[in-house]
Amino acid sequence: LKEIVFVIQSQSNSFHSKRAEDLKRDILKQAADLGKEFPTVLLIHQMDRHEGAWTILPLMRDFSVTYGRNSSWIFFCEEDTRIQVVKLLEILGRFDRSKEWFLGKALYDEESTIIHHYAFAENPTVFKFPDFAAGWALSIPLVNTLAKKLKSEPLKSDFTIDLKHEIALYIWQKGEGPHLTPVPEFCTDDVNSYKVDYCATTFSNFLPLCGEPVKKEDIFVAVKTCRKFHGDRIPVVKQTWEREAALIEYYSDYADMSIPTVDLGIPNTERGHCGKTFAILERFLNHTSPRTPWLVIVDDDTLISIFRLRKLLSCYDPNEPVFLGERYGYGLGTGGYSYITGGGGMVFSRIAVQKLLASKCRCYSMDAPDDMVLGMCFSGLGIPITHSPLFHQARPMDYPKDYLSHQIPVSFHKYWNIDPVKVYFAWLAPNTEESHHGKKVEYNREDL
């Protein structure tokens, strides 16, 4: 056991760091109960010497230098992964630790997807990448190889969009490195599943709830739209999730009383929308009740469950500066910053908005990408981005089914080639058998 280094993919927000500490205690307690020497257990947010620690590859040289001689495996997991240490030892013991191994629960794309830059377009099912929720492992010889490679060839990619896929691609090295070896005992089944006796890992949390859901009136929802989308996108919002929001405003470049929209006096830009987003932040601070602790900014083609968001936000302290959503990275190999990608929805605590606007950090142009500018600003303020995999920048069919199977999602984005109303009722409505215009409707997720 002392030859395994456990790395928990933790975050510095108080809710997440506590969960990671609980998992660390559980691993060490299992080791003590076995009468074994304690393994090393690391929390990624505590190793954060630079912004990109969560992307893992920049840590390979540290892992190689520190553990390259006396360890056999680095085992990575999320804060909600549950580990049966005895079983894990038994499984890792099956593999020759002197060879290069990349082990995990295999995911694959059923069709090529924009999230992965349409990789393996001929047959996307051939390329496997790990489901982080089940845990994944690298043998030390592979860690040493990666560390050497990173020394001579620094990471090139500007954007980190889907880390699990990008790590697998980097390790694969265009076919010269190891493929992911699927380990069936790395599971994402619930801890109460009948399969548990067979699994070395399980996953404990599909949608966190830490007490009463926050009140509807505690969330102010801002929808970004523009005149050309009033006719086709806003009706979808009104047919789906608008009814879940107590406080909602639509921000546009044109005041349309039938919706109604608020004209912020900011002309619409083809891309970026930074000017519009900062105007929304200022309006939230100056024109809503100071007792409203949460702001959510979404696009007019975001599908979101406010009902589930209220549960999720019960876990976060609104007195902390919180900036929550799906995390992407920019330029993290060389410093850079993380940001919350806008399409899946950006959630702010009021105090985060206060600190941001007090900082004077602003858009460098009206059409700068708002989500990236916000990431840069919060990074400069030392306010961490908080990632939740329940927010999605793309549509349900853009993700592996197996990956979505252990989530109760909060949002999806984009109406391309889908019926967004059907997608909402299948994936996001408070329950899938939702009363719609007085009729019971049930949509099958498999068809979507």
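Residues numbered from 1 in each chain as written. Predicted model: local features only at pLDDT ≥ 70, side-chain atom pairs only at ≥ 80, totals over all residues. Heavy atoms only, no water.

**A few points about the state of the cysteines**
Thinking step 1. By the definition in use, this model includes four disulfides.
Thinking step 2. At a sulfur-sulfur separation of 2.2 Å, the disulfide partner of C274 is C363. Between C274 and C363 the disulfide shows an S-S torsion of about -90°. By sign, it is left-handed. Placement of the pair is C274 in helix 7 (residues 274–287) and C363 in the loop between helix 9 (350–358) and helix 10 (370–381), with a sequence separation of 89 residues.
Thinking step 3. Residue pairing for C361: its cysteine sulfur links by disulfide to C377, the two sulfurs lying 2.1 Å apart. With the S-S dihedral at roughly -80°, the linkage between C361 and C377 falls on the left-handed side. Within this pair, whereas C361 is found in the loop between helix 9 and helix 10, its partner C377 is found in helix 10, the two being separated by 16 residues in sequence.
Thinking step 4. Owing to a relative accessible area of 26%, C361 belongs among the partly exposed residues under this scheme.
Thinking step 5. The buried category is assigned to C377, whose relative accessible area is 2%.
Thinking step 6. Indicated for the chain is the disulfide connectivity 1-2, 3-5, 4-7, 6-8, based on numbering the bonded cysteines in sequence order.
Thinking step 7. Free of any disulfide, C77 has its nearest neighbouring cysteine sulfur in C187, separated by 14 Å.
Thinking step 8. C226 forms no disulfide, and the closest cysteine sulfur to it belongs to C274, at a distance of 17 Å. (Disulfide = S-S within 2.5 Å. Helix = DSSP H or I, 4+ residues; strand = E, 2+ residues; numbered from the N terminus. Buried < 20%, exposed > 50% of the residue type's maximum accessible area, 1.4 Å probe, protein only.)

**Re the environment of I280**
Thinking step 1. Looking at the secondary structure, you find I280 in helix 7.
Thinking step 2. Here the alpha-carbon distance between I280 and S139, two residues 141 residues apart in the chain, equals 48 Å.
Thinking step 3. Residues in contact with I280, not counting those within four places in the same chain, are A222, K224, Y251, L264 and I297. (Contact = heavy atoms within 4.5 Å.)

**Let's talk about unusual backbone geometry**
Thinking step 1. Residue P260 follows I259 across a cis peptide bond; omega there is -10°.
Thinking step 2. By the secondary structure assignment, P260 is in the loop between strand 14 (247–252) and strand 15 (261–263).
Thinking step 3. Phi angles above zero are rare outside glycine, and F120 is one such case at about 55°.
Thinking step 4. For F120, the position within the fold is in the loop between strand 6 (106–107) and strand 7 (129–130).
Thinking step 5. The exposure class assigned to F120 is partly exposed, which follows from its relative accessible area of 23%.
Thinking step 6. Even without being glycine, K414 reaches a positive phi, approximately 90°.
Thinking step 7. Checked against the element boundaries, K414 lands in the loop between strand 23 (411–413) and helix 12 (420–427).
Thinking step 8. The exposure class assigned to K414 is partly exposed, which follows from its relative accessible area of 24%.

**Observations concerning the pattern of salt bridges**
Thinking step 1. Evaluated as defined, the whole model comprises 22 salt bridges.
Thinking step 2. Note that D301 is salt-bridged to R233, the shortest N-O span being 3.8 Å. Of this pair, D301 sits in the loop between strand 16 (294–299) and strand 17 (302–304) while R233 sits in the loop between strand 13 (219–224) and helix 6 (234–239); the two residues are 68 residues apart in sequence, bridging distant segments of the chain.
Thinking step 3. One connected set of salt bridges, linked through shared partners, spans K18, D22 and R25. (Salt bridge = Lys/Arg side-chain N within 4 Å of Asp/Glu carboxyl O.)

**Concerning the pairing of strand 8 (residues 136–139)**
Thinking step 1. Here strand 8 shows two buried faces, one formed by W136 and L138 and the other by A137 and S139.
Thinking step 2. In the sheet, strand 3 (residues 73–77) pairs with strand 8 via four bridges, with the strands oriented antiparallel. Considered in strand 8, the bridge of W73 is made with S139.
Thinking step 3. The pairing of strand 5 (residues 102–104) with strand 8 spans three bridges and is classified as antiparallel. In the sheet register, G104 faces strand 8, and the bridge partner there is W136. (Pairing = 2+ DSSP bridges.)

**Notes on the sheet that holds strand 20 (residues 337–340)**
Thinking step 1. Read across the sheet, three strands follow the order 9-19-20 without closing on themselves; strand pairing throughout is antiparallel. Each edge of the open sheet is held by one strand with a lone partner, namely strand 9 (159–160) and strand 20.
Thinking step 2. Relative to strand 20, strand 19 (residues 327–330) runs antiparallel, the two sharing four bridges. Bridged to Y330 within strand 20 is Y337.

**Some thoughts on the domain arrangement of the chain**
Thinking step 1. Here the domain parsing of the chain yields domain 1 (4–203) and domain 2 (216–428).
Thinking step 2. The distance between the C-alpha centroids of domain 1 and domain 2 comes to 30 Å.
Thinking step 3. Contacts between the two partners involve 30 residues from domain 1 and, on the opposite side, 32 residues from domain 2.
Thinking step 4. Contact between domain 1 and domain 2 buries roughly 2600 Å² in total, counting both sides, with carbon and sulfur atoms accounting for 54%.
Thinking step 5. By the criterion of area lost to domain 2, the three top residues of domain 1 are Q11, E51 and W54, representing 21% of everything that side buries.
Thinking step 6. Seen at the junction of domain 1 and domain 2, the total is two salt bridges.
Thinking step 7. We note a salt bridge from K401 to E110, for which the minimum N-O separation is 3.2 Å.
Thinking step 8. Our enumeration of links across domain 1 and domain 2 arrives at nine residue pairs in polar contact (both at pLDDT 80 or more). (Domains from an automatic or database assignment. Buried area = accessible area lost by both parts, 1.4 Å probe. Polar contact = N/O pair within 3.5 Å; in protein donor to acceptor, adjacent residues only side chain to side chain.)

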